[in-house]
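# What the coordinates show
The primary structure of each chain is shown beneath.
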Amino acid sequence: MKKIPLSLVCMIGLLFIATVCPSSISTCDCRSPPTKGDMNCDEVVNLLDINPFILALSNPTAYEAAYPYCDIMNADCNWDDVVDLRDINPFVAILTAP
Ligand SMILES: [Ca+2]
Ligand SMILES: [Ca+2]
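Residues numbered from 1 in each chain as written. Chains lettered and ligands numbered in written order. Predicted model: local features only at pLDDT ≥ 70, side-chain atom pairs only at ≥ 80, totals over all residues.

### Looking at the overall build of the chain
Scanning the chain from terminus to terminus reveals four helices and zero strands. Traced from its N-terminal end to its C-terminal end, the chain shows the element sequence α-α-α-α. In the chain, which comprises 98 residues, the proportion classed as buried is 21%. Long-range contacts, defined here as pairs at least 24 residues apart, represent 32% of the contacts in the chain between residues at least 6 apart. (Helix = DSSP H or I, 4+ residues; strand = E, 2+ residues; numbered from the N terminus. Buried ≥ 20, exposed ≤ 12 C-beta atoms within 10 Å, placed from the backbone. Contact = placed C-beta atoms within 7 Å.)

### Description of helix H2 (residues 50-58)
All of the buried residues along H2 are Pro52, Phe53, Leu55 and Ala56. The arc that holds every buried residue of H2, seen down its axis, measures 160°, which confines them to one face. Looking at H2, the residues exposed on the side facing more than 90 degrees away from the buried face are Asn51 and Ser58. (Arc of directions from axis to C-beta.)

### Topic: the nonpolar core
In terms of nonpolar packing, the biggest core is built from nine residues, these being Met39, Phe53, Leu55, Ala56, Tyr63, Cys70, Ala75, Cys77 and Phe91. With three residues, the single largest contributor to this core is H2. (Core = buried A, V, L, I, M, F, W, Y, C linked by C-beta atoms within 7 Å.)

### A closer look at the confidence of the model for the chain
Per-residue confidence for the chain gives a mean pLDDT of 78; residues scoring 70 or more make up 65%. Across residues 23-32, confidence stays below pLDDT 50; counting only partners more than four residues off in sequence or on other chains, it has 21 contacts. (pLDDT = per-residue confidence, 0-100.)

### As for the environment of Leu48
Looking at the element boundaries, Leu48 is found in the loop between helix H1 (6-11) and H2. Residues Leu48 and Asp38 lie ten residues apart in sequence; the distance between their C-alpha atoms is 8.9 Å.

### Points about the environment of Ala56
Within the secondary structure layout, Ala56 lies in helix H2. Owing to 26 C-beta atoms within 10 Å, Ala56 belongs among the buried residues under this scheme. Each C-alpha atom, one on Ala56 and one on Ile72, is 6.5 Å from the other, the two residues being 16 residues apart in sequence. In contact with Ala56, other than residues within four places in its own chain, are Met39, Tyr63, Ile72, Ala75 and Val83.

### Focus: the environment of Thr61
Inspection of the secondary structure puts Thr61 in helix H3 (residues 60-66). Given 9 C-beta atoms within a 10 Å radius, Thr61 is considered exposed. C-alpha separation for the pair Thr61 and Ile72, spaced eleven residues apart in sequence, amounts to 9.7 Å.

Take a look at the structure:
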């Protein structure tokens, strides 16, 4: 995935957790851009994402309470705009990708 410079993303107001944006830019409102499978928003997909992924599928409200700065749509690993059981296999594929 192509990375967009943080300063650009902040300027167009799309993004990011406010604390990572330069203080001179006030339009950040901000969630991290989607990284499919990154369910705890640490910008990597690894074993630590399994439990939050399961939580997102089984109890979206609890997921959003536990990870308020994460986008639950990171669990939409098959890109069909729905978080459901069909995302499990693509999630596993992302998790196990070299
Ligand atoms: Ca993660
Ligand atoms: Ca999906």
